Amino acid sequence: MSKFSETLAGSKTRYMFFGGKGGVGKTVMAAATALYLASLGKKTLLCSTNPVHSLSSCFGQQFIGRGETRVEGTNNLFALEIETAATVGKYRENTRDKILDFLKYADIPIDPAPFVEAATTNPAFEESAMFDNVVDVILANTYDCYVFDTAPVAHTYRLLGMSKMYDMWLCKMIKSREEAMSLKKTLSFKKEKKEASDPMIQGLLESRRKTEAIRALLTNPDLTAFYFVTLPLALPISVVERFIYWVKAFQIPVGGVIVNQVMPSTDSRSSFIVNKQAEQRHYNLRFRVL
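The following paragraphs examine the structure supplied in this document. Since we're looking at a predicted model, the values are computed, not measured.

**Observations concerning the overall build of the protein chain**
Counting its regular elements, the protein chain contains ten helices and seven strands. Residues counted as buried form 41% of the 290 residues belonging to the protein chain. Sequence separation of at least 24 residues holds for 76% of the intrachain contacts in the protein chain that already meet a minimum separation of 6. Carbon and sulfur atoms make up 56% of the accessible area of the protein chain, which amounts to about 16,300 Å² in all.

Shown next, in the form of structure tokens:
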């Protein structure tokens with residue numbers, strides 16, 4: 001990581017994401033990067049959004065269920081393994097409360113159970129919960145640098161997409177709520193002495209403020225970079241090529257591609273090693289055009 005470390009040392013990047021196909025070494029690369037940043041005196045948070053956690057195994061220290069925890073043997077490095085089940089459960093309760101509040105303030109006498117069920121069992125609900133957690137971690141702004149060990153490609157793609165989709169949904173909800181309140185006021189026989197603030201709109205506006213803030217950070221090339229980790233093999237390379245296209249579609253800056261497990265040049269007489277080195281040289285050439 002010599003060239004990469006030199007780049008990091010002179011960079012002002014605060015938010016780094018490591019993604020790629022499963023099993024290519026994302027966790028190790030993210031951990032090494034976070035450890036190096038911490039050694040430079042930067043207070044660093046290493047955060048895993050991968051449902052299959054391996055940070056604890058990487059450092060030989062238990063992080064799951066303990067929140068932001070100092071990594072033993074370091075002064076500036078902290079680790080956080082976001083528990084998917086706990087995060088989704090908390091988000092489900094929060095969503096349920098919002099729906100109940102909506103029905104209450106809208107004066108809709110209806111059983112909320114079907115609405116809660118529909119909202120909390122959709123295919124993107126898990127990604128919504130994880131995205132909300134990541135947003136809170138970043139916007140807390142308590143660290144100099146944030147390094148994210150992300151889930152495999154498909155999961156991360158949906159996670160990144162939540163920012164744009166969530167904002168579109170919030171805009172529609174705010175507009176719908178404002179129209180409903182305006183109509184209610186027009187049809188009401190009562191004349192309110194003082195117009196009360198609508199807690200639903202206030203909550204939606206706050207949520208939108210957060211999504212706008214996080215999108216501004218994630219698309220800022222001076223602050224954010226997404227690094228792709230791969231092996232010098234056909235399948236993980238094709239995944240990275242596709243993933244670069246997806247990330248650029250969300251206007252997230254691409255920091256580069258890290259090729260892991262490259263065999264050093266040797267004079268081995270083993271036909272297996274010789275053939276493997278020739279195969280890797282062939283695939284390594286493709287990274288010059290990524």
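**Quick notes on the side chain of S56**
Tracing the sequence through the fold places S56 in helix 3 (residues 55-59). When near neighbours in sequence (up to four residues on either side) are disregarded, S56 contacts Q61, Q62, F63, I64 and E81.

**Things to note about the packing of aromatic side chains**
The geometry of an aromatic ring pair is captured by the separation of the ring centres together with the interplanar angle, meaning the angle of the planes. All chains considered together, the criterion is met by ten aromatic pairs. With centroids separated by 5.4 Å and ring planes inclined at 75 degrees, the aromatic side chains of F228 and F243 adopt a geometry described as edge-to-face. Placement of the pair is F228 in strand 6 (residues 224-230) and F243 in helix 9 (residues 234-249), with a sequence separation of 15 residues. Joined through ring pairs, the aromatic side chains of F17, F148, F226, F228 and F243 make up one cluster. A cation over a ring is seen here: K43 above F78, with NZ or CZ 5.6 Å from the ring centre. One Lys or Arg, K43, reaches over the ring of Y143 and ends 5.0 Å from the middle of that ring.

**Re the pairing of strand 4 (residues 77-81)**
With five of its five residues buried, strand 4 lies for the most part within the structure. Alternating residues of strand 4 divide into L77, A79 and E81 and F78 and L80, and every residue in both groups is buried. Relative to strand 4, strand 2 (residues 44-48) runs parallel, the two sharing five bridges. Among the inter-strand pairings, T44 is bridged to a residue of strand 4, identified as L77. Relative to strand 4, strand 3 (residues 69-70) runs antiparallel, the two sharing two bridges. Within strand 4, the position partnered with T69 by the bridge is A79. Adjacent in sequence and paired antiparallel, strand 3 and strand 4 are bridged by six residues, among which G73 carries a positive phi angle near 85 degrees.

Calculation criteria
Residues numbered from 1 in each chain as written. Predicted model: local features only at pLDDT ≥ 70, side-chain atom pairs only at ≥ 80, totals over all residues. Heavy atoms only, no water. Helix = DSSP H or I, 4+ residues; strand = E, 2+ residues; numbered from the N terminus. Buried < 20%, exposed > 50% of the residue type's maximum accessible area, 1.4 Å probe, protein only. Contact = heavy atoms within 4.5 Å. Areas by Shrake-Rupley, 256 points an atom, 1.4 Å probe, with all protein chains shown as cover. Phe/Tyr/Trp six-rings, centres within 6.5 Å; stacked < 30°, edge-to-face > 60°. Lys NZ or Arg CZ within 6 Å of the ring centre and 35° of its normal. Pairing = 2+ DSSP bridges.

Treat this as a map of the structure, not an account of what it does.
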